[in-house]
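Residue strings, one per chain:
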Amino acid sequence: MTQDTPAGLATRSIHGHSLKDVHGSPHTPIYETTTFTFDTTAEVLDVVEGRTVGSLYTRYGLNPSIFALEETLAGLENAEMAWVFCSGMAAETALFLTHGREGIICIGDAYGGTMELLADQLPRLGIPTHLILGNELDQLDALLAAGAGMVFLETPTNPTLELFDIADIARRAHAHGAILAIDNTFASPVNQQPLSLGADVVVHSATKYLGGHSDLTAGVLLGSKALLAPVWSWRKNLGSMPSPATASLLARSLRTLVIRVRQQNASAQAIAEAMAGHPNVERVFYPGLPDFPGHALAREQMHGFGGMLSIEIKGGREAATRTADRLQLFALAPSLGGAESLVTQPCTTTHHGLAPEERSRRGIPDGLLRLSVGLEDSADLIADLEQALA
Ligand SMILES: *Cc1c(COP(=O)(O)O)cnc(C)c1O
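Residues numbered from 1 in each chain as written. Predicted model: local features only at pLDDT ≥ 70, side-chain atom pairs only at ≥ 80, totals over all residues. Heavy atoms only, no water.

### Digging into empty space enclosed by the protein
Piece 1. In total, this model carries 1 cavity of 30 Å³ or more according to the counting rule given.
Piece 2. One number sums up the size of the largest cavity: a volume of about 40 Å³.
Piece 3. Lining the largest cavity are Pro 156, Leu 161, Phe 186, Ala 187, Met 302, Phe 305, Gly 306, Gly 307 and Met 308.
Piece 4. Taken together, the residues of the lining of the largest cavity sort by class into 7 nonpolar, 2 polar and no charged.
Piece 5. In terms of domain composition, the lining of the largest cavity takes at least three residues from each of domain 1 (9-254) and domain 2 (257-389). (1 Å grid on protein atoms, 1.4 Å probe; cavity = no way out; pocket = protein on both sides within 12 Å on 5 of 7 lines; lining within 4 Å. Points joined across faces, edges and corners; volume = space filled by probe spheres on them. Nonpolar A, V, L, I, M, F, W, Y, C, P; charged D, E, K, R; others polar. Domains from an automatic or database assignment.)

Rendered as structure tokens:
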């Protein structure tokens, strides 16, 4: 950006990189190239030794489709730096291997793959991990004092939309020399800016809102140069670079991020309000409802309440399954953030692997349906829910 005052988020999502294509392409072209050629050895060394940002080898991220995208992504949350990955899980794995080796404390519910990594796989590599729930936050300071170097959490969480106070947890982590990493996938940069609240690293599954069309798999890490620089060689040698075509598709998607998410926020709010009064609905989990437990915190730390909500259907598991199966516009699928609305029953999909007692300890009722609100007309979505609930 060449302006003096920082541009707004929508402007940055469209004009957020300085790459000038020789043909004047208004968007980032696909450099479907694995390696780049040089005129002299001195020019090769300038790139290899980091004196110039240049193209060299695609798996290193030294490809214009990738570094232009990274510049835009960093700008979305005013981060010094962004690294893009071939999936959200690849981004998390590289983050944990780089900065989590002294121990990782995960607060609250997290994505299934994250949970498997933390509960099962990283401990087998000798990395200590601690999983605590939102009502066990009193254990945090002792775990930090015992030496854990990283706190990791999602807010709002999946699928109960529990909120955590990012500024407060950042202070507690920093008091012990630990860093705070936030998975900001559910909120997206439009609704939440964790770095500005004190978090040190942000993770996105770009497969969700950043991609926004259910047509690409990618991940992102955002943070300071000091924290992200050492992640680079892990990404390089784990080989977790997206293809240039995926990078370009993601850059294309970012151009509509702000209008998509704002529309999804508005539709989710309308659906939450309609469902809150429905006789066959036990409870609605949505940060935008004034009586939702996280509402006050959401007003403080979020810029919008998001496109994700969950509804608990009266009659439990079978009633919820019947409702999900009767929905016509909402398709049954366990992802989120796309243009099409999706529904999933956590006890049959994302949280199927948990024992029933563990689901109830986590406050996930079997009658819960999680909705990812898309870009259809909200009146049609509400009508679909009403016919399915009737
Ligand atoms: C989907 C998801 C992930 C994993 O992302 P992939 O791109 O599928 O690897 C991580 N965290 C959250 C919150 C997610 O929804």
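### Considering unusual backbone geometry
Piece 1. With an omega of -5°, the peptide bond between Thr 155 and Pro 156 qualifies as cis.
Piece 2. As for its position among the elements, Pro 156 is in the loop between strand 4 (150-154) and helix 7 (166-175).
Piece 3. With an omega dihedral of 0°, the bond running from Asn 158 to Pro 159 counts as a cis peptide bond.
Piece 4. Relative to the helices and strands, Pro 159 resides in the loop between strand 4 and helix 7.
Piece 5. Although it is not a glycine, Leu 161 sits at a positive phi angle of roughly 55°.
Piece 6. With respect to the element layout, Leu 161 can be found in the loop between strand 4 and helix 7. (Helix = DSSP H or I, 4+ residues; strand = E, 2+ residues; numbered from the N terminus.)

### Regarding the UniProt feature "modified residue: N6-(pyridoxal phosphate)lysine" (unreviewed entry) in the chain
Piece 1. Under the present numbering, the feature "modified residue: N6-(pyridoxal phosphate)lysine" (unreviewed entry) in UniProt falls on Lys 208.
Piece 2. Note on placement: Lys 208 falls in the loop between strand 6 (201-205) and strand 7 (219-223).
Piece 3. If we skip the residues at most four places from it in the chain, Lys 208 touches Tyr 111, Thr 185, Ser 335, Leu 336 and Gly 337. (UniProt positions renumbered as here; feature names shortened; annotations may be inferred. Contact = heavy atoms within 4.5 Å.)

### Quick word on the packing of aromatic side chains
Piece 1. Under the definition given, this model contains 3 aromatic pairs.
Piece 2. Judged by centre distance (5.3 Å) and plane angle (70°), the rings of Tyr 57 and Tyr 60 are edge-to-face.
Piece 3. With relative accessibility at 25%, the residue Tyr 60 sits in the partly exposed group.
Piece 4. The interplanar angle of 75° and the centroid separation of 5.2 Å between the aromatic rings of Phe 96 and Phe 152 together place this pair among those described as edge-to-face. (Phe/Tyr/Trp six-rings, centres within 6.5 Å; stacked < 30°, edge-to-face > 60°. Buried < 20%, exposed > 50% of the residue type's maximum accessible area, 1.4 Å probe, protein only.)

### Overview of the layout of surface pockets
Piece 1. Counted as a void, the largest pocket has a volume near 580 Å³.
Piece 2. Lining the largest pocket are 24 residues, with Val 53, Leu 62, Phe 67, Glu 70 and Trp 83 sitting closest to its centre.
Piece 3. Of all the secondary structure elements, the ones that give two or more residues to the lining of the largest pocket are helix 2 (41-48), helix 3 (64-76), strand 1 (81-85) and helix 10 (231-238).
Piece 4. Of the residues belonging to the lining of the largest pocket, the class tally is 13 nonpolar, 5 polar and 6 charged.

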